[in-house]
Amino acid sequence: MHLVRWGLTTGWLLIIVSLLYDPFTPRFTEPDHPWSPLRLPETCVSVQGTCLSETPYPLGTTLFWGLVVPSGIFILLVFGHELWRRICPLSFLSQIPRALGLQRQIAKLNPKTGEKRLQLAKVPADSWLGQHYSRLQFGWLFVGLCGRILFFNADRLVLFAWLSFTIVCAIAVGWLYGGKSWCQYFCPMAPVQSVFSTPTGLLGSKAHMASTPITQSMCRSVQPDGSEQSACVACQQPCIDIDAERTYWAKLPTPAFAFERYGYVGLVFGYFVYYYLYAGNWEYYFSGIWLRQDDQLAQLLRPGLFLFGQPIDVPKLVAVPVFLGLCTWMGTLAGRAIESALRTQVRRRGAEPDRDRIRHRVFIVATYLVFNFFFLFSARHLIRLLPPWVQYLYELILVAVSTLWLYRAWSRSPDLYGRENLAERFRKQLTRLDLDVGRYLDGRSLADLGTEEVYVLAKVLPGFTGQKRLEAYKGVVREALEEGFVNAASSLEVLKQMRLSLGISDGEHRTLLEELGVEDPGLLDPDSRRSLEDQIRLSGYRKSLERLMLVQRLGEGAGAGEAGSDGAALQALRREYGISSREEEQVLDDLSPKAAAIHKVELLLGRLPALTDGYRALHQSALRHQSAVLALLDDRLQLRKELTLRAILDGLVTLQEDPAVPALVQRLQAIAPLALPELVRREGWERRLPSAVAEALSHPGGEAPSCSLEVPVDETLSFLATLVADSSPTLASAGLFLTACLDAGRARAMAAKRGGPGAPALLRQTARAVEELAGPPELRGFPELEKRVFLAISDFFRRSDADTLDALAAQADMRTFAKGELITEAGDTCRELLLLIEGRARVQHRDGERTWVEDLQPGRVLDELQVLTHSASESTIVAEADGTRLLAVPVDSFDAVLERDPDFARRVLELESGQLQRLMRAGGASPVR
């Protein structure tokens, strides 16, 4: 490809040079040339009623406008932008400063460490250029088309100056900014590329389903061994060179993208129609005489329009930009009007229109029409010189390829792109699990399977257990978060279809998110800007660093001069890829599993005290009366603490006998002296850890921390604010409720911010109740939250999936009883599962002739054995206090949850086995006759 680029660029530059000096080609245009099809005809071409005289001319402008430009448009539609970007001479020339190592660098300051690092300059995303570059590019395209008609269609000297100016600009931008900044932010051809090559070229590849990390036309370098390596510096996000279709769907809803498409259609229409309005006939354009007018500049102040046989006294210099601007504006209005009409038509049928789908289809129809309209005129003066059968074949090919392109692009949608993207990620996870899938695929490979076939295969694979399914799904979620495909808030909805296909619940998804948040806290940071482009940039740096380290190892023992050279090479790599200190640390961790494990353990050790501080912050004296909500949050903090400890222990397993382990173990024992021994014994970590480490962690170490539970209210409110921002609706609602208990004004502000239309239903309901508070909040004033709180803290439902609790709470009812009131009577059919949440109840058990009495406290489930067996109650239950409250869950709803959630069913059986044994012992030891 490098040689191809050199060849094409050389040919392009020769054409440009020929505009200044060309003594050879004019002979082919002489009227008496014996065989040249380009010889001047003897016919009269009329312009505004006057025949134009012609003289032999060089072919530079004819080749440029008649062959080079139309070929570019054809390549874009058929092969996509990925081929055009790799062979474009301007793109190639813009990389000269990079090849010479002369790109501009700026100093970046690390605000935490104060360290300064030189990095390649890039266009800031929040700058005017970063936000409005599409207007600049379209404006340059508009000026270029006006300039063609007015100045340099035929004037070779002006065309030479225009192209030379463009080349100088491309090289200057290559010095000013890194990457393909010329192509991304300045090139006037960029809007044309976007129109004809997105969402995909007819023969273009699908980057999101590629098996190689170097996709489409992304920046790359060739290594000495001939392999390609990413040279991406993330100069734009999203980047069309990495994944054109991803960029297309990201920009589709934006007004600037719509203007670019519809405006271009109007501009092309106006450009070709103007030739007729100027000359008063079509022969002026189709003859190509506009390419060889010697007096083009002399026409600037002459009439620019010729209508109904009369010249209109508007100078051509004014008429051209006014008419093309009017057509551009009309094209934009027409496109938006068609979109609006289609949306109205859908609403009349009683459905809600899919704006993106409608716009996409209007876009591709517009592209289909403008492509064929363009080739109805472009290069026509050369096509007319060919035999008729060749002309028909040419037109047939154009219509065929554009129709096939329309057919391929018509069915594309953001949802289909997302499903293919996730299926490819899942396919990679299946490959990593090394499952034996060959015997189920009839000679096919995983790469041959379609989007839905991958999920069907996953369901029938014998070795693909529930745990492996979660492991594969977790890998997909991690990759999607790392590349910015989803964030913590959007992942639940974006990955919904995948979860349905794999049978993974929303609660399991939230649990996996929590685990990922423990393993890599930055993954869930809403302020962290993650993108595919940055991941590719870091990957390129990692590969380059690996190569440099290999060279250093091979050259060990070299002199100081060579060592200094290696240091300079490392600094050059950092500058080229724009690597910050934190990113360098991350890359170095990836290169060394043990270094990564040490860094991870140290990070997690630093987070553990925050969980303890959170526990202290919750136990504010003003919140003591909210014991149920505090119990829920305590349990969630304990779960996160356990997840963190497991991740630390997993890191210690990776490190094994590393010298850093004793210090890490000592710190761990000092932070969590009491929780570790039980966790190590319960989960069998002794078998995986080195014996000395296992022995140390199996016994309490350090001293149990002692501190006052009284903390400032501001500290408590600050911690509650982090809970309100949590991805779990239950935790966010609980945090909002407790905030209202301490500071109603702050709670209302949070409710207004977090309880919008896009928030989960529970959070919206809680926010609405907070905004309507007229006095101190009580949990019973938040019925949906109250149900979930008491379900979550009961032994029966503790640590159940959020989906399970939501399903039970949605069908549950609150019941209130007075002292002495009968709750259930022996012999009644158990139609509900009853959870005691407030007050007291007395149960009189009967087993044949034996009877015994049991007092129940809040948190206990009543008659659960009879509910599970669908039998009649053998006990009489009476309320022992006024205001005794119970949560009643219909047995049908409970059975549905048992069928849907196997883990919950297993926990219920374990609890009831223990309960049955306890009742049998109690009944045998102290019967009441």
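Criteria and cut-off values
- Residues numbered from 1 in each chain as written.
- Predicted model: local features only at pLDDT ≥ 70, side-chain atom pairs only at ≥ 80, totals over all residues.
- Heavy atoms only, no water.
- Helix = DSSP H or I, 4+ residues; strand = E, 2+ residues; numbered from the N terminus.
- Buried < 20%, exposed > 50% of the residue type's maximum accessible area, 1.4 Å probe, protein only.
- Lys, Arg positive; Asp, Glu negative; His and termini not counted.
- Salt bridge = Lys/Arg side-chain N within 4 Å of Asp/Glu carboxyl O.
- Polar contact = N/O pair within 3.5 Å; in protein donor to acceptor, adjacent residues only side chain to side chain.
- Contact = heavy atoms within 4.5 Å.
- Expected span 1.5 Å × (residues − 1).
- Pairing = 2+ DSSP bridges.
- Core = buried A, V, L, I, M, F, W, Y, C linked by side-chain atoms within 4.5 Å.
- Axes fitted to C-alpha atoms, helices over the stretch in contact; angles between N-to-C directions.
- Parallel < 35°, antiparallel > 145°, perpendicular 65-115°, else oblique.
- Left-handed = near helix turned anticlockwise from the far one by under 90°.
- Nonpolar A, V, L, I, M, F, W, Y, C, P; charged D, E, K, R; others polar.
- pLDDT = per-residue confidence, 0-100.

### Details of the side chain of Glu 82
- Along the polypeptide, Glu 82 turns up in helix H3 (residues 81-87).
- Summary of buried charges: Glu 82 has no salt-bridge partner, and the nearest side chain of opposite charge, Arg 86, is 7.0 Å away.
- Only 2.8 Å separates the side chain of Glu 82 from the backbone nitrogen of Ser 205, close enough to count as a polar contact.
- Residues contacting Glu 82, with those up to four places away along its chain left out, are Gly 204, Ser 205, Gln 216 and Ser 217.

### Here we look at helix H26 (residues 593-618)
- End to end, H26 covers 37 Å across 26 residues, agreeing with the expected 38 Å (1.5 Å per residue, within 8%).
- Where H26 is concerned, the buried positions are Ala 597, Ile 598, Val 601, Leu 604, Leu 605, Leu 608, Leu 611, Gly 614, Arg 616, Ala 617 and Leu 618.
- Where H26 is buried, its residues touch helix H22 (506-519), helix H27 (627-655), helix H28 (661-671), helix H31 (713-724) and helix H32 (729-742).

### Describing the pairing of strand S11 (residues 832-838)
- Of all the seven residues making up S11, five are buried; the element is thus mostly covered by neighbouring parts of the structure.
- Note: S11 against strand S16 (residues 884-890), six bridges, orientation antiparallel. The residue of S16 that forms the bridge with Leu 835 is Leu 887.

### Some remarks on the pairing of S16
- When you tally the buried positions in S16, you get six out of seven residues, the bulk of the element.
- Judged from the five bridges that link them, strand S9 (residues 813-817) and S16 form a sheet pairing that is antiparallel. Counterpart to Phe 817 in the pairing with S16 is Thr 884.

### Some thoughts on the environment of Val 680
- Mapped onto the secondary structure, Val 680 falls in helix H29 (residues 675-682).
- On a C-alpha basis, the gap between Val 680 and Leu 697 in space is 7.1 Å, while along the polypeptide they are 17 residues apart.
- Among all residues touching Val 680, those that are not within four sequence positions of it are Leu 649, Trp 685, Glu 686, Leu 697 and Ser 698.

### Quick notes on the pattern of salt bridges
- Going through the model one piece at a time under the given rule, you end up with 26 salt bridges.
- Between Lys 180 and Asp 241 there is a salt bridge, with its nearest N and O atoms 3.8 Å apart. One end of the pair, Lys 180, is in the loop between helix H7 (156-176) and helix H8 (181-186); the other, Asp 241, is in the loop between strand S6 (228-230) and helix H10 (244-251), with 61 residues separating them in the sequence.
- Residue Lys 180 is classed as buried on the basis of its relative accessible area, which comes to 9%.
- Relative accessible area serves as the criterion here: at 1%, Asp 241 is assigned to the buried category.
- Note that Arg 780 and Glu 838 form a salt bridge whose closest N and O atoms lie 3.2 Å from each other. Placement of the pair is Arg 780 in the loop between helix H34 (761-771) and helix H35 (783-793) and Glu 838 in strand S11, with a sequence separation of 58 residues.
- Several salt bridges converge on common partners, so that one network encompasses Lys 206, Glu 245, Arg 412 and Glu 420.

### Some words on the nonpolar core
- Residues Trp 182, Phe 196, Tyr 264, Tyr 284 and Leu 324 are the most contacted members of the largest nonpolar core, which totals 83 residues.
- In this view, Phe 196 contacts Ile 73, Leu 76, Leu 77, Tyr 264, Thr 367, Val 370, Phe 371 and Trp 405; residues no more than four positions away in its chain are not counted.

### A closer look at the packing of helix H11 (residues 255-279) against helix H14 (residues 355-377)
- Where H11 contacts H14, the axes come no closer than 10 Å and their chain directions differ by 20°. It follows from the interaxial angle that H11 and H14 lie roughly parallel. For H11 against H14, the interelement crossing comes out left-handed. Residues Phe 257, Ala 258, Arg 261, Tyr 262, Tyr 264, Val 265, Val 268, Phe 269 and Phe 272 of H11 pack against Arg 359, Val 362, Phe 363, Ala 366, Thr 367, Val 370, Phe 373, Phe 374 and Phe 377 of H14.
- When its residues are assigned to classes, the contact of H11 with H14 shows 15 nonpolar, one polar and two charged.

### Thoughts on the confidence of the model for the protein
- Confidence along the protein averages 84 in pLDDT terms, with 89% of residues attaining 70 or more.
- The low-confidence segment residues 558-563 (pLDDT under 50) makes zero contacts with residues lying over four places distant or belonging to another chain.

### Some words on the packing of helix H25 (residues 581-591) against H26
- Running from N to C, H25 and H26 point in directions that differ by 125°, and their axes come no closer than 5 Å. One element, H25, and the other, H26, form an angle in the oblique class. Residues Glu 585, Asp 589 and Leu 591 of H25 lie in contact with H26, whose contacting residues are Pro 593, Ala 595, Ala 596 and His 599.
- Residues belonging to the contact of H25 with H26 are distributed by class as follows: four nonpolar, one polar and two charged.

### Focus on unusual backbone geometry
- Here the bond from Thr 198 into Pro 199 is cis, since omega is 10°, no more than 30 degrees from zero.
- Tracing the backbone shows Pro 199 in the loop between helix H9 (190-197) and strand S5 (220-222).
- Here the amide bond leading from Gln 237 into Pro 238 is cis, since omega sits at -5°, within 30 degrees of zero.
- Inspection of the secondary structure puts Pro 238 in the loop between S6 and H10.
- A positive phi is found at Ala 234, a non-glycine position, where the angle reads about 55°.
- Residue position: Ala 234 is located in the loop between S6 and H10.

### So, the side chain of Arg 343
- Take Arg 343: it is sitting in helix H13 (residues 316-348).
- Here Arg 343 is in contact with Pro 353, Arg 355 and Ile 358, once residues within four sequence places are set aside.

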